[in-house]
Amino acid sequence: MEWFKSEIFNLHQGSPVPANSPILSLNPFLDEYGVLRVGGRLNHSTLPTTEKNPIIMPGKSHLAILLIRHFHGKVLHQGRHFTEGAIRAGGFWITNGKRRVGSVISGCFQCRRLRGKQQNQIMADLPTDRVTQAQPFTYVGVDVFGPWSVVTRRTRGGQASNKRWTVLFTCLSIRAVHIELVEEMSSSAFINALRRFIAIRGNVIEFRSDRGTNFVGATDDLGVHAISVENGFVRKLLQEKQVSWVFNPPHASHMGGVWERMIGVVRRVLDSLLLEHGQKNLTHDVLATFMAEVSAIVNARPIVFFNAMDKQLCIYNN
Ligand SMILES: [Zn+2]
């Protein structure tokens, strides 16, 4: 009533909102509780009502700021895109939302603590496997990152390994991620991670990585064993599953940009979790749980940017 008095008044009378209303293009209506909601053409979609007809919030109101902060925290201090997605999925439409979200994030204390400047994303031409229609995880980028040190108990056979790596699988079409933890950078640990991934995610046609024949991931400097994809057990596994493994050409590491960027996203979410938890009592269990939560957050982000409401583009990964 404070911000949209004439709109609400008109709608009560059964007449359209004033032609100069800032929310005219949202085709607003009053629901059975008298709450102002976005109208639109999604009535037949299977999205929940809260997402089809989000509640309209005046962007300049204090409540909108509180909502933005709330959802920004819920996506663990990710950027504007993630935050907007969460707000939308939470059933709210904030007028002038892009600007409001941007200003809340730029003033966020925890974000400044985690990372200084906001990054800009550079877009390039999309390769075939990213624009081919396929089930999620048909074309998959692979990379390894880590290690993290975890607290372990002494076992009877001596000290258990206290390093953990992650194998990050990125779907090249929708950029969903799947993360497997490995306890050592060895062929057998790597194969087990591959097998777990294939078992859960199903039919992979092609793996891509941007290393040479020896897949060593981001651990070159640690003197770990190189994992050969071209012979031995990995080759056998790939043949059995009829999966091909493609290496990006040398000196073309930008081709790995999709999943290197996903590593960046995963790292940022993880940093936020670790900052809250503290690194001291990080166990394998806790790390595995964090990885699952990171995947959930990354995979729940919207995969297209929101534009004007009339475009009604709203596609989610999950
Ligand atoms: Zn923040």
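Residues numbered from 1 in each chain as written. Predicted model: local features only at pLDDT ≥ 70, side-chain atom pairs only at ≥ 80, totals over all residues.

K.L.:
How do you make sense of helix H8 (residues 187–201) when you look at a structure like this?
P.N.:
Three- or four-residue spacings in an α-helix give side chains the same orientation, since the helix completes a turn every 3.6 residues. With 15 residues, H8 should cover 21 Å at 1.5 Å per step; its first-to-last C-alpha distance of 21 Å lies within 8% of that length. Residues of H8 that are buried include every one of Phe190, Ala193, Leu194, Phe197 and Ile198, and no others. Along the axis of H8, the buried residues cluster in a sector spanning 130 degrees; they form a single face. Projecting away from the buried face of H8 at angles above 90 degrees are the exposed residues Ser188, Ala199 and Ile200. (Helix = DSSP H or I, 4+ residues; strand = E, 2+ residues; numbered from the N terminus. Expected span 1.5 Å × (residues − 1). Buried ≥ 20, exposed ≤ 12 C-beta atoms within 10 Å, placed from the backbone. Arc of directions from axis to C-beta.)

K.L.:
Looking at this model, I keep getting lost on the sheet that holds strand E5 (residues 139–149). Mind explaining?
P.N.:
What holds strands together in a sheet is hydrogen bonding between their backbones, with the strands either parallel or antiparallel. Within the open sheet, the 5 strands sit side by side as E9-E8-E5-E10-E13. Their pairing is mixed. A strand with exactly one partner marks an edge of an open sheet, and here the two such strands are strand E9 (177–182) and strand E13 (244–247). Averaged over all adjacent pairs, the angle separating strand axes in this sheet is 30 degrees, with direction ignored. Taken together, the 3 bridges between E5 and strand E10 (residues 206–209) define a ladder with parallel strand orientation. Bridging across to E10, valine 140 finds its partner in phenylalanine 207. Its contacts with the sheet put H8 on strand E8 (163–171) and E9, and the angle it makes with E9 is roughly 145 degrees. Against the sheet, helix H11 (residues 284–299) touches E5, E8 and E9, its axis set at about 170 degrees to E9. (Pairing = 2+ DSSP bridges. Axes fitted to C-alpha atoms, helices over the stretch in contact; angles between N-to-C directions. Contact = placed C-beta atoms within 7 Å.)

K.L.:
What is the right way to look at the nonpolar core in this model?
P.N.:
In summary, soluble globular proteins display a tendency toward joint burial of nonpolar side chains. Among the nonpolar cores identified, the biggest contains 58 residues, and Val140, Val266 and Val294 are the most heavily contacted of them. Looking at this core, the element that brings in the most residues is H11, giving 6 residues. Among the domains, domain 1 (5–117) and domain 2 (128–299) are the pair contributing at least three residues each to this core. Excluding its chain neighbours within four sequence positions, the residues that come into contact with valine 294 are Ile179, Val266, Val269 and Leu270. (Core = buried A, V, L, I, M, F, W, Y, C linked by C-beta atoms within 7 Å. Domains from an automatic or database assignment.)

K.L.:
Help me understand unusual backbone geometry in this model?
P.N.:
Keep in mind that most residues, glycine aside, have a negative phi and that most peptide bonds are trans. The backbone of histidine 77 sits at a positive phi, close to 65 degrees, despite the residue not being glycine. Looking at the element boundaries, histidine 77 is found in the loop between helix H3 (62–74) and helix H4 (80–89). With 24 C-beta atoms packed within 10 Å, histidine 77 lands in the buried category. Positioned with a positive phi, asparagine 96 is a non-glycine residue whose angle comes to about 60 degrees.

K.L.:
Which parts of the structure should I look at to understand the packing of H3 against H4?
P.N.:
The description of two helices packed together rests on the angle between their axes and the distance between the axes. Contact geometry of H3 with H4 gives a least axis separation of 8 Å together with a crossing angle of 110 degrees. Comparing their axes, H4 and H3 come out roughly perpendicular. Where H3 crosses over H4, the two elements pack in a sense that is right-handed. Seen from H3, the contacting residues are Leu67, Ile68, Phe71, His72 and Lys74; seen from H4, they are Thr83, Ala86 and Ile87. Here the contact of H3 with H4 is built from residues that sort into 5 nonpolar, 2 polar and 1 charged. (Parallel < 35°, antiparallel > 145°, perpendicular 65-115°, else oblique. Left-handed = near helix turned anticlockwise from the far one by under 90°. Nonpolar A, V, L, I, M, F, W, Y, C, P; charged D, E, K, R; others polar.)

K.L.:
Hey, could you run me through the packing of H3 against helix H5 (residues 97–106) in this one?
P.N.:
At a minimum axis distance of 10 Å, the contact between H3 and H5 shows a crossing angle of 65 degrees. Seen along the crossing, H3 lies across H5 with a hand that is right-handed. Where H3 abuts H5, its residues Ala64, Ile65, Ile68, Arg69 and His72 lie against Arg100, Val101, Val104 and Ile105. Taken together, the residues of the contact of H3 with H5 sort by class into 6 nonpolar, 1 polar and 2 charged.

K.L.:
Even after reading the chapter, I still don't get the confidence of the model for the protein chain, so can you show me in this structure?
P.N.:
Should the pLDDT be low somewhere, the predicted coordinates at that spot are not to be read in detail. In the predicted model, the protein chain carries a mean pLDDT of 77, and the fraction of residues at 70 or more is 72%. Note that pLDDT drops below 50 for residues 217–225; the model gives that stretch 14 contacts with residues more than four away or on any other chain. The model gives residues 306–318 a pLDDT under 50, and that stretch makes 28 contacts with residues more than four places away or in other chains. (pLDDT = per-residue confidence, 0-100.)

K.L.:
Got a minute to help me understand H5 in this structure?
P.N.:
Within H5 the residues assigned to the buried category are Gly97, Arg100, Val101, Val104 and Ile105. The buried residues of H5 occupy an angular sector of 130 degrees when projected down its axis, which confines them to one face. Those residues of H5 that are exposed and angled more than 90 degrees off the buried face are Arg99 and Ser106. Buried residues along H5 sit against H3, H4, strand E4 (92–94) and helix H6 (109–114).

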